[in-house]
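Below, each chain spelled out in residue letters.
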Amino acid sequence: MNTLLLVNALYFLFGATMYMGTMWVLRLFLYPTWRALTPDNVDVHFGVPTALATRFFTVVVPLMLISGIVLVWSEWGSWYVVLAAVCLVGIALITWFGQGIVVPVNKRIQGGRFDGQAGLTQLLVRWMRLNDIRFVFATVTWAAIVWYIAAKGDLWDALS
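Residues numbered from 1 in each chain as written. Predicted model: local features only at pLDDT ≥ 70, side-chain atom pairs only at ≥ 80, totals over all residues. Heavy atoms only, no water.

Chemist: What am I meant to see in the overall build of the protein chain here?
Modeler: Secondary structure assignment for the protein chain yields five helices and zero strands. What you see in the protein chain, going N to C, is helices and strands ordered as α-α-α-α-α. With the C-alpha coordinates of the protein chain rotated into their principal frame, the extents come out at 60 × 25 × 20 Å. By the burial criterion, 38% of the 160 residues in the protein chain qualify as buried. (Helix = DSSP H or I, 4+ residues; strand = E, 2+ residues; numbered from the N terminus. Buried < 20%, exposed > 50% of the residue type's maximum accessible area, 1.4 Å probe, protein only.)

Chemist: I keep staring at a nonpolar patch on the surface and nothing clicks. Help me out?
Modeler: There is a patch of nonpolar side chains on the surface, built from Trp24, Val25, Leu28 and Phe29 and spanning about 400 Å² of accessible area. Checked against the element boundaries, Leu28 lands in helix H1 (residues 3–34). (Patch = residues over 30% accessible without salt bridge, like charges linked within 9 Å, V, L, I, M, F, W, Y side chains within 5 Å. Areas by Shrake-Rupley, 256 points an atom, 1.4 Å probe, with all protein chains shown as cover. Salt bridge = Lys/Arg side-chain N within 4 Å of Asp/Glu carboxyl O.)

Chemist: Just checking my understanding: could you explain the environment of Leu30 for this structure?
Modeler: Looking at where Leu30 falls in the secondary structure, it is placed in helix H1. A sequence separation of 17 residues divides Leu30 from Leu13, and the C-alpha atoms of the two residues are 24 Å apart.

Chemist: What is the right way to look at the packing of aromatic side chains in this model?
Modeler: Ring pairs (aromatic) are described by centroid distance and by the angle formed between their planes. Counted under the stated rule, the structure contains twelve aromatic pairs. Look at Trp34 and Phe46: their rings are 5.2 Å apart centre to centre, the planes differ by 70 degrees, and that puts the pair in the edge-to-face class. With Trp34 in helix H1 and Phe46 in helix H2 (residues 42–75), this pair connects stretches of sequence that are twelve residues apart. Three or more aromatic residues joined by ring pairs form one cluster here, namely Tyr11, Phe14, Tyr19, Phe56 and Phe57. When the ring centre of Phe135 is taken as reference, the NZ or CZ atom of Arg27 above it lies at 4.4 Å. The aromatic ring of Tyr80 is capped on one face by Lys152, whose charged end is 4.3 Å from the ring centroid. (Phe/Tyr/Trp six-rings, centres within 6.5 Å; stacked < 30°, edge-to-face > 60°. Lys NZ or Arg CZ within 6 Å of the ring centre and 35° of its normal.)

Chemist: Even after reading the chapter, I still don't get H1, so can you show me in this structure?
Modeler: Residues spaced three or four apart along an α-helix face the same direction, because each turn holds 3.6 residues. In this model, H1 (32 residues) spans 43 Å end to end at C-alpha, consistent with the 46 Å of a helix rising 1.5 Å per residue. The principal kink in H1, of about 40 degrees, is found at Arg27. Of the residues flanking the start of H1, the one acting as N-cap is Asn2, its side-chain oxygen 3.0 Å from the backbone nitrogen of Leu4. (Expected span 1.5 Å × (residues − 1). Bend = angle between axes of the 7 residues up to and from the residue. Polar contact = N/O pair within 3.5 Å; in protein donor to acceptor, adjacent residues only side chain to side chain.)

Chemist: Before we go on, may I ask you to explain the packing of H1 against helix H4 (residues 116–152) in this structure?
Modeler: The relative placement of two packed helices is expressed as an angle between their axes plus a distance between the axes. In the contact formed by H1 and H4, the axes pass within 8 Å of each other and the chain directions differ by 150 degrees. Comparing the axis directions of H1 and H4 gives the class roughly antiparallel. For the element pair H1 and H4, the recorded crossing hand is left-handed. Its residues assigned to classes, the contact of H1 with H4 comprises 23 nonpolar, four polar and three charged. (Axes fitted to C-alpha atoms, helices over the stretch in contact; angles between N-to-C directions. Parallel < 35°, antiparallel > 145°, perpendicular 65-115°, else oblique. Left-handed = near helix turned anticlockwise from the far one by under 90°. Nonpolar A, V, L, I, M, F, W, Y, C, P; charged D, E, K, R; others polar.)

Chemist: Teacher, can you tell me more about the nonpolar core here?
Modeler: It is characteristic of soluble globular proteins that their nonpolar side chains tend to be buried jointly. In terms of nonpolar packing, the biggest core is built from 43 residues, with Ile109, Trp127, Ile145 and Tyr148 touching the most fellow members. At the level of secondary structure, the elements contributing two or more residues to this core comprise H1, H2, helix H3 (80–110) and H4. By residue number, the principal contributor to this core is H4, which donates twelve residues. (Core = buried A, V, L, I, M, F, W, Y, C linked by side-chain atoms within 4.5 Å.)

Chemist: Hey, could you run me through H4 in this one?
Modeler: For H4, which comprises 37 residues, the first-to-last C-alpha distance of 53 Å matches the rise-based estimate of 54 Å (1.5 Å per residue) to within 8%. The first or second residue beyond H4 is Gly153, which carries a positive phi of 115 degrees.

Right, here's the structure in full:
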C-alpha cells in the first residue's frame, strides 16, 4: 500500500471509528437514560449532543465519501475492491439514512414539536430504533475498513 493510499484508508478508519463509537455509546450508555427525558431537559441531554455530533459529522463524512471513492478507484481490478466498496456503500447508506430519516426526527425533538411527555417519549423511542439501524451500518462499515487495512499488510512497511 503506498503512503497516500494508506493515509486515505486511515482517514476513513478515523471517521468510521468515530461513527461506530458514537453509535455504540448511544446504545450502551445514553439510550437507557434518555427514556427519562422530559420536555424540560430534552434540549440539554438530547439537543446539544445531537447538534454537536451533526456539526462534527458534517465535516468528516463528505471527506469519508471522497475517501471511499478513492479506495474503490485505487483497488479496481483486485479483490480489495470488495472491501473498499463495502466502505463506500456503508458510509453512503449511513449518510442517506441519517439525513433522510433520522435528522427529521432530530429536528422535531429539538424544535419541541411533540405533544407533551407522551409525544416526546414516542419520538425518542422512534429515534432510538432508527439509530439501531445506523448502528448496524456503522459497525459493518468499520469492520470493512479494518479488514481492508489488515488485509493490505504491514502498515510500517507501507510507510517506508
